[in-house]
Amino acid sequence: MQYRRIGSVEVSAIGLGAMPLSVQGRPDTERAVRTIHAALDAGVTLIDTADAYSLGSDDFGHNESLIASALAGYGGDTSGVLVATKGGHTRPGGEEWARDGSPEHLRAACNASLKRLGVDAIGLYQFHRPDPTVPYAESIGALRELADAGKIRMAGISNADPEQIRLARDILGEHLVSVQNEFSPAFRSSEPELRLCAELGLAFLPWSPLGGIGRAGSLGERFAPFARVAERHGVSPQQVCLAWQLALAPVVIPIPGASRPETIRDSAAAAHLTLTAEEVATLSGD
């Protein structure tokens, strides 16, 4: 496994996005746990979750509890695993998603996540999404308070633009270590944020790096250059996609979602795939 850094912590270059294990269409608990264990067996040491990854308000926190249980039941050493969670989204009912970036909510959300994960301090706590009804500085200030109180070891932001990244850095200082934005062959509008993270030395965590739930499987059909490079290397287009993202900057750590052991094993193998400069340029559209 290739390794990269989030703040002072070394993690696998490919993480596990655990959202598919808890939202609509999720697998049964046995397969979900096998998927998490397969990730660990493959050398994955970064697992990304959120309190809102659930079917709704009735099982809010499902994903965090699932991960805590899977880690506790794993036969090997999990001390080097970084669990990154998020707060700031709510699930008011059914499949509806809402936002609450108030400091009061973020403090309560962090306390609840601490209990579900069964830890004294969260390794990486991220503000899930800006709330248009709350000044961004107030939301980020709550993360600073949580860091100063020792409840979170590192802070991150998600779905942020360059201005918000700079503001968060001003408020959080060295506590800010990562930015998690959507990025894939189909969604490249986060390139400015990726470049800024490389400039500032912040980890950039692409979410839905393969195009999202329900679309990852057809990546090669929708983006022919990835299929051609995959055929040349004898691997999947998905593996090529993740290797391409790793080649864009040393701060990039993709977090592909998975709901089957086979999927995360294939994704993790991207850390061992080296693309030529010409292939990277072709896939980048240069």
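Residues numbered from 1 in each chain as written. Predicted model: local features only at pLDDT ≥ 70, side-chain atom pairs only at ≥ 80, totals over all residues. Heavy atoms only, no water.

(A) Spatial organisation of helix α1 (residues 29-41). Taking 1.5 Å per residue as the helical rise, α1 with its 13 residues ought to reach 18 Å, and the 18 Å between its terminal C-alpha atoms agrees with that figure. Among the residues of α1, those classed as buried are A32, T35, I36, H37, A38, A39 and L40. Just downstream of α1 lies G43, where phi reads positive at about 95°. (Helix = DSSP H or I, 4+ residues; strand = E, 2+ residues; numbered from the N terminus. Expected span 1.5 Å × (residues − 1). Buried < 20%, exposed > 50% of the residue type's maximum accessible area, 1.4 Å probe, protein only.)

(B) Broad picture of the packing of helix α9 (residues 237-248) against helix α11 (residues 277-284). Packing of α9 against α11 brings their axes to within 10 Å, and their N-to-C directions diverge by 100°. In terms of orientation, α9 and α11 fall into the roughly perpendicular class. Facing α9, whose interface residues are V240, W244, A247 and L248, α11 presents V280, L283 and S284. Class assignment of the residues belonging to the contact of α9 with α11 gives a composition of six nonpolar, one polar and no charged. (Axes fitted to C-alpha atoms, helices over the stretch in contact; angles between N-to-C directions. Parallel < 35°, antiparallel > 145°, perpendicular 65-115°, else oblique. Contact = heavy atoms within 4.5 Å. Nonpolar A, V, L, I, M, F, W, Y, C, P; charged D, E, K, R; others polar.)

(C) Quick peek at the layout of surface pockets. Here the largest pocket defines a volume of roughly 800 Å³. Taken together, 38 residues make up the lining of the largest pocket; nearest its centre are P20, G212, I213, G257 and A258. The element best represented in the lining of the largest pocket is helix α10 (residues 261-268), accounting for four residues. Taken together, the residues of the lining of the largest pocket sort by class into 13 nonpolar, 18 polar and seven charged. Approximately 350 Å³ is the volume attributed to the second largest pocket. Counting residues per element, the ones that place at least two in the lining of the second largest pocket are α2 (62-72), β5 (82-87), β8 (122-127) and β9 (152-158). For the lining of the second largest pocket, the residue count by class is 11 nonpolar, three polar and one charged. (1 Å grid on protein atoms, 1.4 Å probe; cavity = no way out; pocket = protein on both sides within 12 Å on 5 of 7 lines; lining within 4 Å. Points joined across faces, edges and corners; volume = space filled by probe spheres on them.)

(D) Broad picture of the nonpolar core. Of all hydrophobic cores here, the largest spans 71 residues; its most connected members are I36, I47, I157 and L275. Contacts of I36, omitting those with residues within four sequence positions, involve L16, L21, I47, L66, I67 and A70. (Core = buried A, V, L, I, M, F, W, Y, C linked by side-chain atoms within 4.5 Å.)

(E) Expanded view of unusual backbone geometry. The residue N159 is not glycine, and still its phi comes out positive at about 55°. Topologically, N159 is positioned in the loop between β9 and α5 (162-172). Overall, the relative accessible area of 18% leaves N159 in the buried class. Of note, S208 is a non-glycine position whose phi angle comes to about 50°, a positive value. With respect to the element layout, S208 can be found in the loop between β11 (203-207) and α7 (219-222). Taking relative accessible area as the criterion, S208 reaches 22% and is therefore assigned partly exposed.

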